[in-house]
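# Architecture and fold: a report
If you want the building blocks of each chain, they are given just below.
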Amino acid sequence: MGLVDLELNHPVAPGQSAVLAAGLGPLLRAEVLGTAMRPVGPRGTPAARVAAAGLARRPGWEPDPGRMLFTGGARQATAAAITALVPPGGRLAVEEVTYPLVGPAARRLGVRVVPVAGDSMGMLPEALTRAHRSAPLRAVHLQPVLHNPLGTVMPADRRAGLAEAIRVTGAAVIEDAVWGFLREDVPPLAALLPDRTVVVDSLSKRLAPGLNVGFATVPGDLSGPLRAAVRAGGWGPGRFALEAAARWMTDEGVRVVTGAKRRDAAARRALAGERLAGFALRGDPAAYWCWWELPRPWRAETFVAAAARHGVAITPGVAFVADGSRAPDAVRLALGSPSPVVLGRALDVLADLARRDPAEVFGG
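Just so you know, these numbers come straight off a predicted model, no measurement behind them. (Residues numbered from 1 in each chain as written. Predicted model: local features only at pLDDT ≥ 70, side-chain atom pairs only at ≥ 80, totals over all residues. Heavy atoms only, no water.)

Counting its secondary structure elements, the protein chain contains 13 helices and 15 strands. Over its C-alpha atoms the protein chain spans a radius of gyration of 21 Å, differing by no more than 12% from the 21 Å that the globule rule assigns to 364 residues. Across its three principal directions, the C-alpha atoms of the protein chain cover 65 × 55 × 35 Å. Considering the protein chain as a whole, with its 364 residues, one finds that 55% of them fall into the buried category. For the protein chain, restricting intrachain contacts to residue pairs at least 6 apart in sequence, the fraction spanning at least 24 positions comes to 74%. Carbon together with sulfur atoms contributes 56% to the accessible area of the protein chain, which is approximately 14,800 Å² in total. Averaging the positions of the 42 positive and the 32 negative side-chain charges in the protein chain gives two centres separated by 5 Å. (Helix = DSSP H or I, 4+ residues; strand = E, 2+ residues; numbered from the N terminus. Rg over C-alpha atoms; globule rule 2.2 N^0.38 Å. Buried < 20%, exposed > 50% of the residue type's maximum accessible area, 1.4 Å probe, protein only. Contact = heavy atoms within 4.5 Å. Areas by Shrake-Rupley, 256 points an atom, 1.4 Å probe, with all protein chains shown as cover. Lys, Arg positive; Asp, Glu negative; His and termini not counted. Charge placed at Lys NZ, Arg CZ, Asp CG, Glu CD.)

The structure is reproduced here in structure tokens:
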């Protein structure tokens, strides 16, 4: 039997296949399918732009459908944004602990990654200012709403302070909003910096892992460079997936499924808090994951190995450190993939391990 997967989040809401199948039916008519099999560019279709803009809407922020671009997923949109905003040799600021694929993507493009210190509320404005003074920053990558892996939401005063620091630097912003659908009550940083922020989103977490549709809200003067980067990188959307996504967004399929996922995520996060009570867990109650600062004398890599020996796969904190130089004794627990029953058992296993001495666990 394989490991219980608490490494990756592939949440599937109960009954979502039936909801999505109902919305997909009209696309299978011959005359509609013919159009859906044609190529499409980064601007997608008018219907897709309107649907995506409506889906991205947040309190205090209403994106213009004319500023929507589409890609094959959020990773492709992020790579295109880095390509368009930061020239080879340029500097991209990232959070010290961040989504692990940002750094490698930037480095492959010849971009220098600059980790910037943060605290429990997010990136520190003064640390960003210092980083810019040492050498100019061309862009800043941020996850203000449901940071992955920390699971935190940047409060309003920190967003405001960080926005002011970014204005002073003149840098552009790449805002990762992939998990923002779980906290639609929180406005993006783009609401404060609309003319310099590219907001990256996708449907893989909202709907299904295999649905490769990403979209970005792009300021008007950056639209041309972003479109060129998408084309040059081969990062454009597939027409069939885009047509299906537009129909699901229009017929409320997305909202039904994401509503179910919000409830599911909250229940799983509550379960983690219950089964790991007394330990140092970090993360918003709405998140599909949590950041666990391990009790002494456990080290993250040792705990990951012990968990694997007991049938549970988890991710060490070092996987999320931007420069790889600092290895926090913490792990991320992704809660969205196993069934709730299996998840509860896995969390019990981890809690039992954490209460034991590593020497005892490994028979030393």
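Back to the write-up after that little detour.
We now examine the pattern of salt bridges. Scanning the model with the defined rule gives 15 salt bridges in all. A salt bridge links R262 to E184, with the shortest nitrogen-to-oxygen separation between them at 2.7 Å. Linking R262 in helix α10 (residues 253-275) with E184 in the loop between β8 (172-176) and β9 (197-202), this pair joins segments that are 78 residues apart in sequence. The exposure class assigned to R262 is partly exposed, which follows from its relative accessible area of 25%. Classification of E184 as partly exposed rests on a relative accessible area of 29%. (Salt bridge = Lys/Arg side-chain N within 4 Å of Asp/Glu carboxyl O.)

So, about the packing of helix α6 (residues 125-134) against helix α7 (residues 156-169). Packing of α6 against α7 brings their axes to within 9 Å, and their N-to-C directions diverge by 15°. Viewed along their axes, α6 and α7 adopt a mutual orientation that is roughly parallel. At the point where α6 passes α7, the crossing takes the right-handed sense. Taking contact as the criterion, the partners of P125, L128, T129 and H132 in α6 are, on α7, R158, G161, L162, A165, I166 and T169. Here the contact of α6 with α7 is composed, by residue class, of five nonpolar, four polar and one charged. (Axes fitted to C-alpha atoms, helices over the stretch in contact; angles between N-to-C directions. Parallel < 35°, antiparallel > 145°, perpendicular 65-115°, else oblique. Left-handed = near helix turned anticlockwise from the far one by under 90°. Nonpolar A, V, L, I, M, F, W, Y, C, P; charged D, E, K, R; others polar.)

Packing of helix α4 (residues 74-85) against helix α8 (residues 223-233) leaves a shortest axis separation of 8 Å and a crossing angle of 120°. On the basis of the axis angle, α4 is oblique to α8. The element α4 and its partner α8 pack so that their crossing is right-handed. Judged by residue contacts, A80, A81, T83 and A84 of α4 engage P225, L226, A229 and V230 from α8. Taken together, the residues of the contact of α4 with α8 break down into seven nonpolar, one polar and no charged.

If you trace the seven strands from one edge of the open sheet to the other, you get β2-β10-β9-β8-β7-β3-β4, paired in mixed fashion. One side of each edge strand has no neighbouring strand; the edge strands of this open sheet are β2 (68-71) and β4 (112-116). Neighbour-to-neighbour, the strand axes of the sheet open up by a mean angle of 25°, direction not taken into account. Judged from the four bridges that link them, strand β7 (residues 139-142) and β8 form a sheet pairing that is parallel. Directly across from A139, in β8, lies its bridge partner A172. Sitting on the sheet, α4 touches β2, β3 (91-95), β7, β8, β9 and β10 (214-217), and the angle it makes with β9 is about 160°. (Pairing = 2+ DSSP bridges.)

As a further point, take the environment of A47. You can see A47 is positioned in helix α3 (residues 46-56). As for A47 and T250, which are separated by 203 residues in sequence, their C-alpha atoms are 8.7 Å apart.

L85, L92, W179 and V198 are the most contacted members of the largest nonpolar core, which has 39 residues in total. Sort the elements by how many residues they give to this core and α4 lands first, with seven residues. Among the nonpolar cores identified, the runner-up in size contains 30 residues, and V213, A246, W248 and V254 belong to it. (Core = buried A, V, L, I, M, F, W, Y, C linked by side-chain atoms within 4.5 Å.)

For L333, the position within the fold is in strand β15 (residues 330-334). Relative accessible area serves as the criterion here: at 0%, L333 is assigned to the buried category. Sequence spacing of L333 and C290 is 43 residues, and the spatial spacing of their C-alpha atoms is 5.4 Å. Excluding residues within four positions of it along the chain, L333 makes contact with L6, L276, Y288, W289, C290, W292, I314, L347 and L350.

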